[in-house]
Each structure stands twice: as C-alpha cells, then as structure tokens.
Amino acid sequence: MRWKDRAVVCMMAAVMALGAVGCSSMEKQMQESDLSQKKKEGTQEESLQIAEGFRDVYEEAQAEGNLKDRQVQEELIRAIGEQGYAAVDTENRINMVNSEQMETFLQEAGQGREAEASMFCVTDEGGFIRYDLETRESVMDVTVSSLRWQNGEPEVWYTHDFEATDWEFTEKGYFFLEEARPAGYDGAPGQKAFRIRPLDADCRQAYEKYLSMIGYERNNMLITDWSEENYGDLEFYDLFERLYQAQYGSMNPYEAHEGARYEVPQELVENVLCARFRIDIQTLRQRMTYHAAGRTYEYRPRGLRDGGAPYGPVPEVTACEWQKDGTLCLTVDAVWPREWMDRALQSRLVVRPLENGSFQYVSNQVVYRDARMTWSWYEPRFTEEEWEQYYGTEGK
C-alpha cells in the first residue's frame, strides 16, 4: 500500500475514533439528562405527597382566612416535620423542625464530604419553597422548587437549579447561601439566610410582642442610643408611622407620595407615641413640628429620596433579662443576609411591661457594630431645608 493510501486509511480511522468518542460523550450527557429529569420528577411527586400530608391544616386555615397567622405557620411546619423533613418559615420567626438534619449536612459539607439534604420554607400562602442541596468537595449544588395551592390542589410551579457562589454555616447557627446575580440585575439580592439552630422560646415571644411592628426599616430606634432622660437622635416621625397600625389596627391613612405634607390632629399623634413612650407632651411637641394655632403636627411622609436602602437587616432577640425595677432588657442582633452578617449590630433595648398587658420602650444602647459594616441601610428623614430644596412649593 502506498504511503498516500496509508495516510487516508489512518485519517479515516482517526475520524471514526473521534466520532465514537463524540457519540459516547453525547450518550453520557443524554443519560445524565434523563437521570436529572427523573430525579426532578421524583422530587415533584414527593413534594405533592408532602402537601397532601397537611391538606387538612391548609383547607381549614384557607376557609377561615388565617393562613398568615403564626399559629397556622407553626402547624404547617410541624406537619412537614412529622413527615421527616427539616422545615422552617421564610422569615426565620419560628424554630426549624428536624434542624439536626441540616446541621449534620452543613458540618459534613464544611469538611468537604459528599452530602445532601432537603429543607422546606413554609410560605404565608400555605405552600412552601423547597431547597434540595448536594455537596461535593467545596461545591454546593442547589435545586429550588416552589409549591402552591391552585384550585384546591397542590402544584409544583417553579424549579430552578444553580451552583452556590458561596455558603457559610456560622457559629451562631445561621446558614448563609448565595446565588450569583447577573450584572445590572435589579431584583432581590442573591444572599439568603436560614436560622438552623433554635432560639429560646422567651426570645421568640419577646420579638413578636416588642419588635415585630418596629424592625429596622425606616426608623432608628434600635441603631442609636437614647433613653427617657435623653432621647438623643431618636426620630419620632418614623415611629409614628411604624406604631400607628399597632395602636389603631389599620394602616396610616396619610398617603405617602412625593412632596406630600399633612396637618395631623395632635390627639392622633400623641395617642400613638405616648402609648409606647413615657414622654412629656411638651417635650414631644418640641421634638416634632407642632402648630399650636391649629393643634396639629406637620407630617411629611418619606419619599424616594429619603426612603433608605431596601433589603436591610431584621432584628432577632437573643437574650432576655429582667431588671430590678421590673423592666425587661432585650439583647437584639441585626441579621443582615445581604451583607452576610448574623450580627451586623447589637443593642440592649429596655422595655417596661404594663399592668394592662401593654408596654413602653424605655431605652436603647448600641453595644456592638461589625467592623465590616461600612454603610447603613437607614437614611435620615429630610430636614425642612432639604425638603424645601427638593419639593419647594409642590408639597401640599
């Protein structure tokens, strides 16, 4: 055989070999795809069965219109836990059931071992968000799926896969998880936080009673030092907005829009604030803009320019201590998923329980700030001069 013929034969053999390798690779990819699809179908079927396990709780709450109630959320979480799964609410306000499953998984993952776990976050619509987690070496793969009720039947309506950009299990007991976001993305941040280790029941109750209506959003009560002797930089206009609903059971009727300005009857403002603070009326009127002639307080709702940053931290009560004078001192941590901090800031908030079942805020002292906290979510309200600069005579 001439050398040219030999060359042709060799080339043909090489092409056939490459083709065989290519086919083998394609077959492998197809097999992996089939296995992945079968796994997803199995996961969906399992989720539907789990939902059937708490159908009675859902249907009763749906009929009574109280799906968002904390007690219902606890029942749904407990029902999922009784089926053998780790479950919590989406806001970390309820202790996770079967948390040891997640803690074991995260410890093994931290040691670079192969591990897997599933976690369910109950929503206030009676469904759940499911996280299926797998680790190999330092990589964590995540499948997120959502279940909702549609026309009285459970439905898995969303599934999404991603490789975690980063993750961490903190000493305090938080599992931080991050999904990459593309450049220019303007939706919710990719960082999430799940409390794995339980909190003391007294701390949970203290949060619900004293802090759930306040939080850190658009107010500085927990991030500045103040007391009944010296209210410092405490912003009472912010607190009027936050506490109005707690006092009257409805939303603040003064609509917030750019440049809005209202005259609010003094009784309304003072009833809200004096119910929660032992403050002299004259002191309150000096700290706010009070118009004696009309017996009103001037009120300017926040606008876009002084609204503050979204996705700030949430408060968490980590300790409660009764004082000799009958007040209660709460240790409050700022949990900030966006900045990957389970204690961005810590303060001591003192409250005074009253005989009628109500309470008053007494003082706050900031005792710790994370050195990594280079900016704040809180934006001070516009001063009169700033408001006039931006809105001028447009406000009304």
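Preceding block: the structure.
Residues numbered from 1 in each chain as written. Predicted model: local features only at pLDDT ≥ 70, side-chain atom pairs only at ≥ 80, totals over all residues. Heavy atoms only, no water.

**Quick look at the overall build of the chain**
So, point 1. Scanning the chain from terminus to terminus reveals 9 helices and 16 strands.
So, point 2. Sorting the 396 residues of the chain into buried and exposed places 43% on the buried side.
So, point 3. Sequence-distant contacts in the chain: of pairs separated by 6 or more residues, those separated by 24 or more amount to 56%.
So, point 4. Summing over all exposed atoms, the chain offers an accessible surface of approximately 22000 Å²; the carbon and sulfur share of this is 47%. (Helix = DSSP H or I, 4+ residues; strand = E, 2+ residues; numbered from the N terminus. Buried < 20%, exposed > 50% of the residue type's maximum accessible area, 1.4 Å probe, protein only. Contact = heavy atoms within 4.5 Å. Areas by Shrake-Rupley, 256 points an atom, 1.4 Å probe, with all protein chains shown as cover.)

**Describing the side chain of D306**
So, point 1. Residue position: D306 is located in the loop between β12 (296–299) and β13 (314–322).
So, point 2. Although D306 lies buried, it forms no salt bridge, and the closest oppositely charged side chain, R302, sits 4.7 Å away as judged by the N-O distance.
So, point 3. Among all residues touching D306, those that are not within four sequence positions of it are E379, P380, R381 and F382. (Lys, Arg positive; Asp, Glu negative; His and termini not counted. Salt bridge = Lys/Arg side-chain N within 4 Å of Asp/Glu carboxyl O.)

**With respect to the packing of aromatic side chains**
So, point 1. For the structure shown, the criterion picks out 33 aromatic pairs.
So, point 2. On the numbers, 6.2 Å between centres and 80° between planes, the contact of Y254 with Y299 is edge-to-face. Taken together, the residues span a long stretch of sequence, with Y254 in the loop between α6 (236–248) and β10 (262–265) and Y299 in strand β12 at a distance of 45 residues.
So, point 3. On the basis of relative accessibility, which here comes to 18%, the residue Y254 falls in the buried class.
So, point 4. On the numbers, 6.4 Å between centres and 55° between planes, the contact of F382 with Y391 is tilted.
So, point 5. One aromatic cluster in this structure is built from Y210, W226, Y231, F236, F277, F359 and Y361.
So, point 6. Sitting above the plane of the F359 ring, R276 keeps its charged end 4.2 Å from the centroid.
So, point 7. Positioned above the aromatic ring of Y290, the side-chain terminus of R285 is 4.4 Å from the ring centre. (Phe/Tyr/Trp six-rings, centres within 6.5 Å; stacked < 30°, edge-to-face > 60°. Lys NZ or Arg CZ within 6 Å of the ring centre and 35° of its normal.)

**Some remarks on the pattern of salt bridges**
So, point 1. The final tally for this structure, using the stated rule, is 33 salt bridges.
So, point 2. A salt bridge links E298 to R300; the nearest nitrogen and oxygen atoms lie 3.0 Å apart.
So, point 3. For R300, a relative accessible area of 16% translates into the label buried.
So, point 4. Overlapping salt bridges, with partners in common, bring together R70, E74, E91, R93 and E208 in one network.

**Structural notes on the sheet that holds strand β5 (residues 153–163)**
So, point 1. Spatially, β1-β2-β3-β4-β5 is the arrangement adopted by the 5 strands of the open sheet, whose pairing is mixed. In this open sheet, the two edge strands, each paired with only one partner strand, are β1 (86–89) and β5. Averaged over all adjacent pairs, the angle separating strand axes in this sheet is 20°, with direction ignored.
So, point 2. Sheet topology places strand β2 (residues 115–122) next to strand β3 (residues 128–136); 8 bridges connect them, and they run antiparallel. Across the sheet, the residue bridging to E116 is E134, located in β3.
So, point 3. Along the sheet, helix α4 (residues 99–110) makes contact with β1, β2, β3 and β4 (139–150), crossing β2 at roughly 140°. (Pairing = 2+ DSSP bridges. Axes fitted to C-alpha atoms, helices over the stretch in contact; angles between N-to-C directions.)

**Some remarks on the pairing of β4**
So, point 1. The sheet contact formed by β3 and β4 spans 9 bridges and is antiparallel. Counted as the bridge partner of F128 is L147 from β4.
So, point 2. Two successive antiparallel strands, β3 and β4, enclose a turn made up of 2 residues, where E137 displays a positive phi of approximately 55°.
So, point 3. Taking the residues between adjacent antiparallel strands as the criterion, β4 and β5 are bridged by 2 residues, where N151 takes a positive phi near 55°.

**Considerations on the environment of E229**
So, point 1. For E229, the position within the fold is in the loop between β9 (226–227) and α6.
So, point 2. E229 sits in the exposed class, given a relative accessible area of 71%.
So, point 3. On a C-alpha basis, the gap between E229 and S363 in space is 9.0 Å, while along the polypeptide they are 134 residues apart.

**Points about the pairing of β13**
The two faces of a sheet get side chains in turn, since along a regular strand they alternate between them.
So, point 1. In this structure, β13 lies alongside strand β14 (residues 328–335), joined through 8 bridges in antiparallel fashion. The residue bridging C320 from the neighbouring strand is L330, located in β14.
So, point 2. Adjacent in sequence and paired antiparallel, β13 and β14 are bridged by 5 residues, among which G326 carries a positive phi angle near 90°.

**Points about the sheet that holds strand β11 (residues 290–291)**
So, point 1. Ordered by their spatial adjacency, 3 strands build an open sheet running β10-β12-β11, and the pairing between neighbours is antiparallel. Among the strands making up the open sheet, the edge pair consists of β10 and β11.
So, point 2. Where β11 meets β12, 2 bridges bridge the pair, whose relative direction is antiparallel. The residue of β12 that forms the bridge with Y290 is Y297.
So, point 3. Against the sheet, helix α7 (residues 266–276) engages β10, β11 and β12, with an angle of about 70° to β10.

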